[in-house]
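Close look at the chain arrangement
Residues per chain are reported as follows:
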Amino acid sequence: EQDISTKKLEEVATVEELQTIEPFNATGQRVLVVDDNKINLKVAERMLSEYKVTIDMVDSGRECINKIISGEEYDLIMLDIMMPKMKGPEVLDNLKKIRGFNIPVVALTADVITGLEDNYTSQGFDDCMSKPIIEEELYYMLKKFLRSNDVEITLNSESKEPTYDTRILEE
């Protein structure tokens, strides 16, 4: 039997937090999505494009490894766990053997059972995310690994001219 949470949404996340789930501008950063399912790749591409990242997609672990070996650089790799030929953990092991490899790798899995996150992090993944991808989860994941290039615009009260705060907004 499942425990039904009696917490109200307000207790789980403040209204402010709920309003912040709006894609931020991560222009100039690259994300590699590795999944053998074309539909999953399309969904990931559509969701990631809202963050203005450059998206590369491959449908096998071998292609992922080849991209890294050939010198492609990414800010984040989203790696499907269950793929034919080479499973996600095996791909990750191979990536970690590449000299200088230090790209965060997030496990993508349809098999998200509570506690499995620890299983993936113990295998060397930086984090794990459920499939199908949930917008909120993607937001927090990208917030964790990518930087926002959004510029805050505030009106200067005296001149009524906008002034730009060019500091990159970070938590």
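We now turn to the structure provided with this report. From a predicted model like this one, the values you see are computed outputs, not experimental measurements.

With that out of the way, let us pick up the overall build of the protein chain. Within the protein chain, the secondary structure is distributed over 7 helices and 7 strands. When the helices and strands of the protein chain are listed from N to C terminus, the series reads α-α-β-α-β-α-β-α-β-α-β-α-β-β. Counting over 171 residues, the protein chain shows a buried share of 35%. A separation threshold of at least 6 residues defines the contact pool for the protein chain, and within that pool the share at least 24 residues apart is 60%. Total accessible area on the protein chain stands at roughly 11000 Å², and carbon and sulfur atoms take up 50% of it.

The next point concerns the packing of aromatic side chains. A complete count under the given rule lists 4 aromatic pairs for this structure. With 5.1 Å between their ring centres and 75° between their planes, F24 and Y51 make a pair best called edge-to-face. With F24 in the loop between α2 (15–19) and β1 (30–34) and Y51 in the loop between α3 (38–49) and β2 (54–58), this pair connects stretches of sequence that are 27 residues apart. Neither F24 nor Y51 differs from the other in exposure class; each is buried. An aromatic cluster is present here, built from F24, Y51, Y139 and Y140 joined pairwise through their rings. One Lys or Arg, K143, reaches over the ring of F24 and ends 4.9 Å from the middle of that ring.

Residue P132 is reached from K131 by a cis peptide bond, and omega for that bond is -5°. Along the chain, P132 falls in the loop between β5 (127–130) and α7 (135–145). Not every positive phi belongs to a glycine, and K85 is a case in point at roughly 65°. Positionally, K85 belongs in the loop between β3 (76–80) and α5 (88–96).

Under the counting rule described, the total for this entry stands at 8 salt bridges. Ionic pairing is found between D35 and K131, a salt bridge with its closest N-O pair at 3.1 Å. Separated by 96 residues along the polypeptide, D35 in the loop between β1 and α3 and K131 in the loop between β5 and α7 bring together distant segments of the chain. The same class applies to D35 and to K131, which are both buried.

What follows is about the pairing of β5. Residues D127 and M129 line one face of β5 and the alternating positions C128 and S130 line the opposite face, and both faces are buried. Where strand β4 (residues 105–109) lies against β5, 4 bridges are found, and the strand directions are parallel. When the bridges of β5 are listed, V106 appears paired with D127.

Ordered in space as β2-β1-β3-β4-β5, the 5 strands form an open sheet in which the pairing is parallel. Edge positions in the sheet fall to β2 and β5, since each of these pairs with one other strand and no more. Taking the axes of each pair of neighbouring strands and ignoring which way they run, one obtains an average angle of 20° across the sheet. Pairing geometry for β1 and β2, over 5 bridges, is parallel. The residue of β2 that forms the bridge with V31 is I55. This element, α3, spans β1, β2 and β3 of the sheet and lies at about 170° to β2.

About the cut-offs
- Residues numbered from 1 in each chain as written.
- Predicted model: local features only at pLDDT ≥ 70, side-chain atom pairs only at ≥ 80, totals over all residues.
- Heavy atoms only, no water.
- Helix = DSSP H or I, 4+ residues; strand = E, 2+ residues; numbered from the N terminus.
- Buried < 20%, exposed > 50% of the residue type's maximum accessible area, 1.4 Å probe, protein only.
- Contact = heavy atoms within 4.5 Å.
- Areas by Shrake-Rupley, 256 points an atom, 1.4 Å probe, with all protein chains shown as cover.
- Phe/Tyr/Trp six-rings, centres within 6.5 Å; stacked < 30°, edge-to-face > 60°.
- Lys NZ or Arg CZ within 6 Å of the ring centre and 35° of its normal.
- Salt bridge = Lys/Arg side-chain N within 4 Å of Asp/Glu carboxyl O.
- Pairing = 2+ DSSP bridges.
- Axes fitted to C-alpha atoms, helices over the stretch in contact; angles between N-to-C directions.

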